[in-house]
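Topology and contacts: notes
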Amino acid sequence: MRLFNAWEMGQDQTKQQIEKGLHLYQSNQTEKALRVWMRVLEKSADPAGRFRVLGCLITAHAEMGRYKDMLKFAVVQIDTARELEDADFLTESYLNLARSNEKLCEFQKTISYCKTCLNMQGTTVSLQLNGQVSLSMGNAFLGLSIFQKALECFEKALRYAHNNDDKMLECRVCCSLGNFYAQIKDYEKALFFPCKAAELVNDYGKGWSLKYRAMSQYHMAVAYRKLGRLADAMDCCEESMKIALQHGDRPLQALCLLCFADIHRSRKDVQTAFPRYDSSMSIMTEIGNRLGLIQVLLGVTKCWMIQKELDKALESIEKAQELAEGLGNKLGLLKLHCLCERIYRTKGQQRQLRDHVVKFHECVEEMELYCGMCGESIGEKNNQLQALPCSHFFHLKCLQTNGTRGCPNCRRLSVKPGYV
């Protein structure tokens, strides 16, 4: 009986210390919270308590951009879940492992771990995580520029969010959909989805972390910038940056700096853009966001092109190409070939120009970035797009003209437009 009481007391103490850490963390005393949780991890003999505190450490390190530490704790959490012999704990730990790899831009590993989660036979708790699993998998497919599969995953995640009335998940999916449509240049949808996320924050987010507001504002800023509404973009980005600085959110700070730089570049204010690109690049390098680094280098390249410093532009392209090839980011490669085409046309170097024209079209074919109805490219300029239930997407005007009885790409019957 004494042993049982001592074990129960240990559980209570572990729970109290975890709650103490959460209170400190929510009060922006992050380092103190981490010290409390690390002490629990070192001293607690309760596997369930250890599992929970590892979850806290994973979340905290994710928000600080310490992705390698996040991965380290995720691996320990899997061992703890196996010790507990609980399918729900194991599903959650594999999801954290998937997320860690997603943050480190290891997209193939992310997809593999997400599939492991979906194949596990847990209880209702595990099934409720499937929406988050689908979201992480969608982000990974988007990182690899596999757009149809990314959209399919986002649609599933949104369906899980609606079925479970999970407004936080819905908010995160809307931000990812904003990113998706920004990449394929449907800027109306790129703005619509983060605006929807911001509405969710306003309506339901009283007790939520401010990171949800910050992320929706950031994605709105990106869309506004692409639509040429630079004052609106600046306002949203400033609000997002303010929250990121208050909470020590290094990944979001890097994204905001990139957005600020892009806004100044859009105004042709290259001298103001360059130092912001440099600051963003410094944080992206520190945290390991290689996908973000490609975007920074694309912006830097365009600045050099504005200044007609074409050799310096080519140096930036070379660095970005190495990163894009390493990640398998095909859209990044396509954009780089497009910039090279413009540079070599200006230089009058016909052989290099032809090489990049060929490679550009190979990327378009590989990503299926063309409308299956009219044959014109998608993602070259701002166009309204519409997805069918099979997650293939087309020009909206083509669907309105030709109807949606069947998908030209996969021949699947369709009687209505897709969910997103």
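Residues numbered from 1 in each chain as written. Predicted model: local features only at pLDDT ≥ 70, side-chain atom pairs only at ≥ 80, totals over all residues. Heavy atoms only, no water.

1. Considerations on helix H3 (residues 47–64)
Counted at 1.5 Å a residue, the expected span for H3 with its 18 residues is 26 Å, and the 26 Å between its end C-alpha atoms agrees. Most of H3 sits inside the fold, with 14 of its 18 residues counted as buried. For H3, the N-terminal cap is Asp-46; the gap from its side-chain oxygen to the backbone nitrogen of Ala-48 is 3.3 Å. Gly-65, located one to two residues past H3, shows a positive phi value of around 80 degrees. (Helix = DSSP H or I, 4+ residues; strand = E, 2+ residues; numbered from the N terminus. Expected span 1.5 Å × (residues − 1). Buried < 20%, exposed > 50% of the residue type's maximum accessible area, 1.4 Å probe, protein only. Polar contact = N/O pair within 3.5 Å; in protein donor to acceptor, adjacent residues only side chain to side chain.)

2. Some details on the nonpolar core
By size, the foremost hydrophobic cluster in this structure holds 145 residues, and its most contacted members are Trp-37, Phe-147, Phe-180, Tyr-181, Ile-184, Leu-369 and Phe-393. Counting residues per element, this core draws most heavily on helix H13 (residues 250–266), at 10 residues. (Core = buried A, V, L, I, M, F, W, Y, C linked by side-chain atoms within 4.5 Å.)

3. Focus on the packing of helix H8 (residues 147–163) against helix H9 (residues 167–183)
Relative orientation of the contacting elements H8 and H9 amounts to 160 degrees, with a least axis distance of 9 Å. With respect to H9, the element H8 is oriented roughly antiparallel. The handedness of the crossing between H8 and H9 comes out as left-handed. Counted together, Phe-147, Ala-150, Leu-151, Phe-154, Ala-157, Leu-158, Tyr-160, Ala-161 and His-162 of H8 and Leu-169, Glu-170, Val-173, Ser-176, Leu-177, Phe-180, Tyr-181 and Gln-183 of H9 form the full contact between these two elements. (Axes fitted to C-alpha atoms, helices over the stretch in contact; angles between N-to-C directions. Parallel < 35°, antiparallel > 145°, perpendicular 65-115°, else oblique. Left-handed = near helix turned anticlockwise from the far one by under 90°. Contact = heavy atoms within 4.5 Å.)

4. Considering the state of the cysteines
Evaluation of the coordinates by the stated rule reveals zero disulfides. Left without a disulfide partner, Cys-363 is nearest to the cysteine sulfur of Cys-338, which lies 11 Å away. (Disulfide = S-S within 2.5 Å.)

5. Thoughts on the packing of helix H11 (residues 211–226) against H13
Between H11 and H13, the shortest axis-to-axis distance is 10 Å and the interhelical angle comes to 20 degrees. By the angle between their axes, H11 is roughly parallel relative to H13. Pair H11 / H13 crosses with left-handed handedness. Counting all contacts with H11, which are made through Ala-214, Met-215, Tyr-218, Ala-221, Val-222 and Arg-225, the residues of H13 involved are Leu-252, Leu-255, Cys-256, Cys-259, Asp-262, Ile-263, Arg-265 and Ser-266. Taken together, the residues that form the contact of H11 with H13 break down as 10 nonpolar, one polar and three charged. (Nonpolar A, V, L, I, M, F, W, Y, C, P; charged D, E, K, R; others polar.)

6. Details of a negative patch on the surface
Taken together, the side chains of Glu-315, Glu-318, Glu-322 and Glu-325 make up a negatively charged region of the molecular surface. By the secondary structure assignment, Glu-325 is in helix H16 (residues 310–327). (Patch = residues over 30% accessible without salt bridge, like charges linked within 9 Å, V, L, I, M, F, W, Y side chains within 5 Å. Areas by Shrake-Rupley, 256 points an atom, 1.4 Å probe, with all protein chains shown as cover. Salt bridge = Lys/Arg side-chain N within 4 Å of Asp/Glu carboxyl O. Lys, Arg positive; Asp, Glu negative; His and termini not counted. Charge placed at Lys NZ, Arg CZ, Asp CG, Glu CD.)

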